Amino acid sequence: MTPLVLVRFAEIFLKRGNRRHFEELLVRNLRAAIGPGGGRLVRGYDRILVQDVTAPEETARRAAGVFGVASVSAGHAVALDVDAIVAAVVEVVARERNGARTFAIRARRANKRFPLDSLGLNRVVGRAVQEASALRVSLDAPDLEVGIEVGHEAAFVFAGTRPGPGGLPVGATGHVALLLSGGIDSPVAGWLAQKRGCRLSAIYFHSFPHVGERTKEKVRELCAVLARQQGNVDLHVVPFAAAQEAVRDGARPPLYLVLYRRLMLRIAERIAESIGAGALCTGESLAQVASQTLKNLDTINRVARLPVLRPLVTNDKNETIVLARRIGTYDLSVQPHDDCCSLFVPPHPELKCTPETAERAERRLDVEALVADAVARTEVLKVAPERRAGDAPT
């Protein structure tokens, strides 16, 4: 038996004419995830095989985190021969049973020239396992499940399957600029955009000296988590204090939040256009805070020409927290930090600001000068992927 890892596609099946492009992106992203020593990738019709693997379980673990992957199995390639498959499965069961009392065989025959169909292979292999191990068959809830996939050049035998995240390979749908704060929501929104194939750059509004340097470092750490899916993330750090002070000095307090957000979108759009991003992405959710009422979101959106993606728009906070824990951003996000949007905000912000009201308030500000100054003084940091346990040293 030859160790290898089987990677199954997710939505790539649906892409037809563009499928080859999607597969190439997935292969590229898998190579980056498993590293140079993780194995050699070979593309099949509906699978990717990772051959020449020295640590199959570790390679499978890494591959199972890549967007575009439906599931991953570490196992063995065997000859296209019934006896060879039977022997391989019996060996796998002996090694993996770990106290199991029941088992099931799940065969899939892609190669229609193979002499046994899926049901026939299940019966033959299952009978051999019973004779060799005294395990009982349980098709509904087995303690141990062994899979067999019969291909055109070899068969693949495995025990256990890791679910992948699904979605599309990062890079498949374009470049998006994420408005990233140190909170819970925006990193999750970025992760969901990546799941839909978006490659991210990040934009962080830093209101120093009103906001400390620790918040900037925290945002960099959140970027490093998102970078796992795509490699380096460019983090654009926008000095925002002057713009906020201008709003504070020139507008009524109930309008501060909406005016901040309108300035943020203008600045973010200017940066996005300069780097070739086709959309903005935010962590906003409908009616979660004062600036996110339907009317306020409409008023904020009026200043943007690019599409504004809001992946969390229908989420409640608990749903977003569950995702944040799953992707590894929650513990970072809940660390104490200053938030620029909370600066100078009154107890009762405007909930239904109209575009006309915002535009009247902005006539007292030099909006273009504030935007141009913030963009000109923006700092760009290249953030590498976060190191995780098991990663090889670089």
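> Lay out the overall build of the protein chain with the relevant residues and their values.
Scanning the protein chain from N- to C-terminus turns up 13 helices and 15 strands. Here the protein chain holds 394 residues, and 53% of them are scored as buried. Sequence separation of at least 24 residues holds for 80% of the intrachain contacts in the protein chain that already meet a minimum separation of 6. By element, 52% of the accessible surface of the protein chain is carried by carbon and sulfur atoms, the whole surface being about 18,200 Å². Charged side chains of the protein chain number 53 positive and 44 negative; the gap between the two group centres comes to 3 Å.

> Describe the confidence of the model for the protein chain, listing the residues and the values that go with them.
Residues at a pLDDT of 70 or more form 94% of the protein chain, whose mean pLDDT is 91. Here residues 389-394 is modelled with pLDDT under 50, and outside its nearest four sequence neighbours on either side it reaches nine contacts, counting other chains as well.

> Let's hear about the packing of helix 5 (residues 185-195) against helix 10 (residues 317-327): which residues, and what values?
Between helix 5 and helix 10, the shortest axis-to-axis distance is 9 Å and the interhelical angle comes to 70 degrees. In terms of axis orientation, helix 5 runs roughly perpendicular to helix 10. Once helix 5 is placed against helix 10, the crossing between them reads as left-handed. Residue-level contacts link D185, P187, V188, W191 and L192 of helix 5 to K317, T320, L323, A324, R326 and I327 of helix 10. The residue inventory of the contact of helix 5 with helix 10, partitioned by class, reads seven nonpolar, one polar and three charged.

> Lay out the side chain of E362 with the relevant residues and their values.
The residue E362 is located in helix 12 (residues 355-362) in this model. In terms of polar contacts, E362 uses its side chain to reach the side chain of R266, at 3.0 Å. Apart from the residues lying within four places of it in its own chain, the contact partners of E362 are L259, R262, R266 and V367.

> Could you give an account of the pairing of strand 10 (residues 174-179), naming the residues involved and the relevant values?
Pairing geometry for strand 10 and strand 11 (residues 198-206), over six bridges, is parallel. Paired with V176 across the two strands is L200, which belongs to strand 11. Running through helix 5, the crossover from strand 10 to the neighbouring parallel element strand 11 is right-handed.

> Which residues make up the environment of E245, and what values do they have?
Looking at where E245 falls in the secondary structure, it is placed in helix 7 (residues 241-250). Counting along the chain gives 46 residues from E245 to R199, while the straight-line C-alpha distance between them is 33 Å.

> Tell me what's going on with helix 4 (residues 118-133), and back it up with residues and numbers.
For helix 4, built from 16 residues, the straight-helix expectation of 22 Å at 1.5 Å per residue is met to within 8% by its first-to-last C-alpha distance of 22 Å. Contacts made by the buried residues of helix 4 are with helix 3 (82-96), strand 5 (102-109) and strand 7 (144-150). The opening residue of helix 4, the one whose side-chain oxygen lies 3.3 Å from the backbone nitrogen of L119, is D117. Of the residues trailing helix 4, A134 is marked for its positive phi of about 65 degrees.

> Describe the environment of P3, listing the residues and the values that go with them.
With respect to the helices and strands, P3 occurs in strand 1 (residues 2-9). Separated by 85 residues in sequence, P3 and A88 place their C-alpha atoms 11 Å apart.

> Just give me the short version of a nonpolar patch on the surface, but keep the residues and values in it.
Residues L286, L294 and V313 make up a contiguous nonpolar surface patch of about 270 Å² in total accessible area. In this fold, L294 is placed in helix 9 (residues 294-301). A residue is classified by how much of its surface remains accessible, and L294, at 64% relative accessible area, is exposed.

> Would you mind going over the pattern of salt bridges in detail, with residue names and values included?
Overall, the coordinates contain 29 salt bridges when judged by the stated rule. Note that E149 is salt-bridged to R47, the shortest N-O span being 3.2 Å. Separated by 102 residues along the polypeptide, E149 in strand 7 and R47 in strand 3 (residues 47-51) bring together distant segments of the chain. Judged by relative accessible area, which is 11%, E149 ranks as buried.

Reading guide: rules and limits
Residues numbered from 1 in each chain as written. Predicted model: local features only at pLDDT ≥ 70, side-chain atom pairs only at ≥ 80, totals over all residues. Heavy atoms only, no water. Helix = DSSP H or I, 4+ residues; strand = E, 2+ residues; numbered from the N terminus. Buried < 20%, exposed > 50% of the residue type's maximum accessible area, 1.4 Å probe, protein only. Contact = heavy atoms within 4.5 Å. Areas by Shrake-Rupley, 256 points an atom, 1.4 Å probe, with all protein chains shown as cover. Lys, Arg positive; Asp, Glu negative; His and termini not counted. Charge placed at Lys NZ, Arg CZ, Asp CG, Glu CD. pLDDT = per-residue confidence, 0-100. Axes fitted to C-alpha atoms, helices over the stretch in contact; angles between N-to-C directions. Parallel < 35°, antiparallel > 145°, perpendicular 65-115°, else oblique. Left-handed = near helix turned anticlockwise from the far one by under 90°. Nonpolar A, V, L, I, M, F, W, Y, C, P; charged D, E, K, R; others polar. Polar contact = N/O pair within 3.5 Å; in protein donor to acceptor, adjacent residues only side chain to side chain. Pairing = 2+ DSSP bridges. Right-handed = clockwise from strand over helix to strand, strands pointing away. Expected span 1.5 Å × (residues − 1). Patch = residues over 30% accessible without salt bridge, like charges linked within 9 Å, V, L, I, M, F, W, Y side chains within 5 Å. Salt bridge = Lys/Arg side-chain N within 4 Å of Asp/Glu carboxyl O.

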